[in-house]
Amino acid sequence: MDVRYAKEVRDDLLGSMAWLDERRGGLGDELEVEFYAAVSVVQERPFSFASDHTGYRPCRLRRFTAVLYYRIESGIIVVMGLFVGGRDESRLQDRGEP
């Protein structure tokens, strides 16, 4: 399945990477690797993750306390957000089209 990204996802990822790099150099790069590994898992098994209370499907990253949220639209995976360490998930409701 093809993958598209909501415009906010780039900011989610870059902001989280910068925040982690402030704590320990290189940790942000490790988050990026985990993020794209999760995208690959979602691509391979998009229906393996059930929708949650937000209406999106959460896929937890293996190493970090982070969750990738996506939905499936007309055979396309749309990544809606990446949330690290307990950030407010309700912001997903305001996210539009990729």
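Refer to the structure printed above.
Conventions used here
- Residues numbered from 1 in each chain as written.
- Predicted model: local features only at pLDDT ≥ 70, side-chain atom pairs only at ≥ 80, totals over all residues.
- Heavy atoms only, no water.
- Helix = DSSP H or I, 4+ residues; strand = E, 2+ residues; numbered from the N terminus.
- Buried < 20%, exposed > 50% of the residue type's maximum accessible area, 1.4 Å probe, protein only.
- Contact = heavy atoms within 4.5 Å.
- Areas by Shrake-Rupley, 256 points an atom, 1.4 Å probe, with all protein chains shown as cover.
- Phe/Tyr/Trp six-rings, centres within 6.5 Å; stacked < 30°, edge-to-face > 60°.
- Pairing = 2+ DSSP bridges.
- Core = buried A, V, L, I, M, F, W, Y, C linked by side-chain atoms within 4.5 Å.

1. Side note on the overall build of the chain
Within the chain, the secondary structure is distributed over two helices and four strands. Counting helices and strands in the order they occur from the N terminus, the chain gives β-α-α-β-β-β. Burial status across the chain gives 42% buried among its 98 residues. For the chain, the share of sequence-separated contacts (at least 6 apart) that also reach a separation of at least 24 residues comes to 48%. Put simply, the chain shows about 5700 Å² of open surface, and 48% of that area lies on carbon and sulfur atoms.

2. Some words on the packing of aromatic side chains
Per the stated rule, a full pass over the model turns up four aromatic pairs. With a centroid separation of 4.9 Å and an interplanar angle of 80°, the aromatic rings of Phe35 and Tyr36 are classed as edge-to-face. Overall, Phe35 belongs to the buried group, its relative accessible area being 1%. Classification of Tyr36 as partly exposed rests on a relative accessible area of 39%. Ring geometry for Tyr69 versus Phe83: centroids 5.8 Å apart, planes at 70°, classification edge-to-face. A residue pair is termed long-range when its members are at least 10 positions apart, and Tyr69 in strand E3 (residues 66-73) and Phe83 in strand E4 (residues 76-84) qualify at 14 residues. Judged by its relative accessible area of 4%, Phe83 falls in the buried class. Within the aromatic cluster, the residues linked to one another by ring pairs are Tyr5, Phe35 and Tyr36.

3. As for the pairing of E3
In terms of burial, E3 is a largely internal element, six of the eight residues being buried. Examined bridge by bridge, strand E2 (residues 57-60) and E3 share four bridges and lie antiparallel to one another. Following the sheet pairing, Cys59 is matched in E3 by Leu68. A loop of five residues connects E2 with E3, the two strands running antiparallel in sequence. Summarising the sheet, E3 and E4 pair through eight bridges and their orientation is antiparallel. Residue pairing for E4: Ile72 is matched across the bridge by Ile77. Following E3, the chain reverses through two residues before pairing antiparallel with E4; Ser74 in that reversal takes a positive phi of roughly 50°.

4. Quick look at the nonpolar core
Core analysis: the biggest nonpolar cluster contains 29 residues, and Leu31, Phe35, Leu61, Leu68 and Leu82 have the highest contact counts within it. For this core, the elements supplying multiple residues, two or more each, are helix H1 (7-23), helix H2 (27-44), E3 and E4. Of the residues forming this core, the biggest block, eight residues, is contributed by E4.

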